Amino acid sequence: MPTFGAWQISDLVITGPDPFASNATAETDAPGATSFVISPSADLQLVDLVDDDASFEDADGGQALAAATTFDGVAWDAGDGVETEYSYIIRPSGSSDPADNITIYVLEYQGQVHGIASTERLFAGQSYDIVGIDSNDPVIAYSAMAICFAAGSLVATKQGPVPVEKLREGMRIQTVDNGYRPLEWAGRWLVNGRGANAPVRFETGVIGNTRPLFLSGRHRVLMRPERGPLQGEEILVAARALVGQPGITRAECDRIQWVHLLFERHEVVFAEDARTESLLPGPAALSCVGPETARYLQATREADPFGMLPARPIVPTGKAQRMLRLPQRA
């Protein structure tokens, strides 16, 4: 069953000629004249289909919803047809670099345009310019669109455990050091889930987690080594440094959506009862988000340098791996 992520047309704020007005062909006046912003509060939606081939395309009556769902404010039944009618080339607003080009595929439900999908990550809150028409008869392999959606991880809040993708600014999140702290910002984006980008999977109980937990390789967890020079001290270690330890593996997938949480200070929070860090917006983290988000986070941290101080000592990946290879003392 192919699955991919999509944004609803109702999530988009459009400036210029409407590129989605037609249910048949792309708008020729849109390139160079139209931009759109994905609402900052929008969530990526999952589209689950049944199909008899490996491609998502125009005029394929075999593509249908696998189950009843609501999309773009409309209730749809299992078996309702979904196809891509036309496609555009877009680029983040302000960029003139063709390397930033992204192809979006316009989605029709039962012959009516209701959404867009893409093979590259799109950011809520980001503005995009339409720079060209890709096709009025598009075909895209599902393998280029399918995602492994790492939603559902439960984070401890004042209201109880809440799936991470449901967290919103202002919600009070339980922290290890400072009680319940208001969430300043939550960022969501899709990335390739292969190779070095593959999520790290922690089996139940490995780091105190009550269910399997998936983290990006750079996401740090709180540990207290039982041996070595930092025995008994609380430190932060990147998940990728722990791969190969019992119960900790890479879990490759085509696409994965990460959710990052920002507070006034760097915090340690509870995800599936395991202690993991919030976002520390240093250079590495800023390189992984969209340009507008990076500027926002950079400005926020420059206004408050103390927000850049880590909640615990950070042990580099190489050093952490060497420590973990130390033999158990008698």
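As recorded in an unreviewed UniProt entry, the protein goes by the name Hint domain-containing protein, listed as coming from Thioclava litoralis.

Asks: Could you give an account of the overall build of the protein, with specific residues and numbers?
Replies: Within the protein one finds 3 helices and 27 strands. In the protein, which comprises 330 residues, the share counted as buried stands at 48%. Long-range contacts, defined here as pairs at least 24 residues apart, represent 65% of the contacts in the protein between residues at least 6 apart. For the protein, the exposed surface amounts to about 14,800 Å²; the carbon and sulfur share of it is 50%.

Asks: Describe the pattern of salt bridges, with residues and values.
Replies: Across all of its chains, the model carries 9 salt bridges by this definition. The partner of Glu272 in a salt bridge is Arg211, and the shortest N-O contact between them spans 2.8 Å. With Glu272 in the loop between strand E25 (268-271) and strand E26 (274-277) and Arg211 in the loop between strand E19 (200-202) and strand E20 (213-215), this residue pair connects regions lying 61 residues apart in the sequence. Connected through salt bridges with shared partners, the residues Asp177, Arg224, Glu234, Arg275 and Arg312 form a single ionic network.

Asks: Quick one: what's the story with the packing of aromatic side chains, residue by residue and with numbers?
Replies: Counted under the stated rule, the structure contains 6 aromatic pairs. Geometrically, the ring pair formed by Trp76 and Tyr109 is tilted, given 5.1 Å between the ring centres and 45° between the ring planes. In this pair, Trp76 sits in strand E8 (residues 74-76) while Tyr109 sits in strand E10 (residues 102-109), placing the two residues 33 residues apart along the sequence. Here Trp76 matches Tyr109 in class, with each residue buried. A ring pair is formed by Tyr86 and Tyr88, whose centres lie 5.8 Å apart and whose planes are at 90°; its orientation type is edge-to-face. Under the relative-accessibility criterion, Tyr88 is labelled buried at 0%. Here the aromatic cluster, defined as three or more aromatic residues joined through ring pairs, consists of Phe20, Phe36, Tyr86, Tyr88 and Tyr128.

Asks: If you had to explain the side chain of Asn209 to someone new, which residues and values would you point to?
Replies: Checked against the element boundaries, Asn209 lands in the loop between E19 and E20. Here the side chain of Asn209 touches Phe202 through a polar contact of 3.2 Å, landing on its backbone oxygen. Within the structure, Asn209 has its side chain in polar contact with the backbone oxygen of Glu203 (distance 2.9 Å). Beyond its immediate sequence surroundings of up to four residues, Asn209 is in contact with Phe202, Glu203, Thr204, Glu272 and Ala274.

Asks: Which residues make up the nonpolar core, and what are the values?
Replies: By size, the foremost hydrophobic cluster in this structure holds 22 residues, and its most contacted members are Phe20, Phe36, Tyr88, Ile90, Ile116 and Leu122. Of all the elements in the fold, those that place two or more residues in this core are strand E3 (35-38), strand E9 (82-92), E10, strand E11 (112-118) and strand E12 (127-135). Beyond its immediate chain neighbours, meaning those up to four positions away, Ile90 contacts Phe36, Asp100, Asn101, Ile102, Ile104, Leu122, Tyr128, Asp129, Ile130 and Val131. Judged by nonpolar contacts, the second largest core, of 18 residues, contains Phe202, Ile207, Leu230 and Val237.

Asks: Talk me through the environment of Arg240; I want residue IDs and the actual numbers.
Replies: Its location among the elements puts Arg240 in the loop between strand E22 (235-238) and strand E23 (248-250). Since its relative accessible area comes to 37%, Arg240 is described here as partly exposed. Sequence spacing of Arg240 and Leu215 is 25 residues, and the spatial spacing of their C-alpha atoms is 9.1 Å. Those residues in contact with Arg240, other than ones at most four positions away along the chain, are Val200, Gly217, Arg218, Arg250, Thr317 and Gln321.

Asks: Quick rundown of the pairing of E3? Include the residues and the values.
Replies: Inspection of the sheet shows strand E2 (residues 12-15) paired to E3 by 4 bridges, in the antiparallel sense. When the sheet's bridge partners are listed, Val13 is paired in E3 with Val37.

Asks: Explain the confidence of the model for the protein to me, using residue names and the numbers behind them.
Replies: The predicted model of the protein has a mean per-residue pLDDT of 85, with 85% of residues at 70 or higher. For residues 326-330, every residue scores under 50 in pLDDT, and the model assigns this stretch 7 contacts once sequence neighbours within four places are set aside.

Asks: Before we move on, could you go through unusual backbone geometry and cite the residues and values that matter?
Replies: Here the phi dihedral of Ala59 falls at roughly 60°; this positive angle occurs in a residue that is not glycine. Its relative accessible area of 65% is what places Ala59 among the exposed residues. Even without being a glycine, Asp72 presents a positive backbone phi close to 55°. Looking at the secondary structure, you find Asp72 in the loop between strand E7 (69-71) and E8.

Asks: Help me get a handle on the environment of Ile104, residues and values and all.
Replies: Summarising the element assignment, Ile104 is placed in strand E10. Taking the relative accessible area as the measure of exposure, Ile104 reaches 0% and is therefore buried. Apart from residues lying up to four places away in sequence, Ile104 is in contact with Phe20, Phe36, Tyr86, Ser87, Tyr88, Ile90, Ile116, Ala117, Ser118 and Leu122.

Cut-offs applied
- Residues numbered from 1 in each chain as written.
- Predicted model: local features only at pLDDT ≥ 70, side-chain atom pairs only at ≥ 80, totals over all residues.
- Heavy atoms only, no water.
- Helix = DSSP H or I, 4+ residues; strand = E, 2+ residues; numbered from the N terminus.
- Buried < 20%, exposed > 50% of the residue type's maximum accessible area, 1.4 Å probe, protein only.
- Contact = heavy atoms within 4.5 Å.
- Areas by Shrake-Rupley, 256 points an atom, 1.4 Å probe, with all protein chains shown as cover.
- Salt bridge = Lys/Arg side-chain N within 4 Å of Asp/Glu carboxyl O.
- Phe/Tyr/Trp six-rings, centres within 6.5 Å; stacked < 30°, edge-to-face > 60°.
- Polar contact = N/O pair within 3.5 Å; in protein donor to acceptor, adjacent residues only side chain to side chain.
- Core = buried A, V, L, I, M, F, W, Y, C linked by side-chain atoms within 4.5 Å.
- Pairing = 2+ DSSP bridges.
- pLDDT = per-residue confidence, 0-100.

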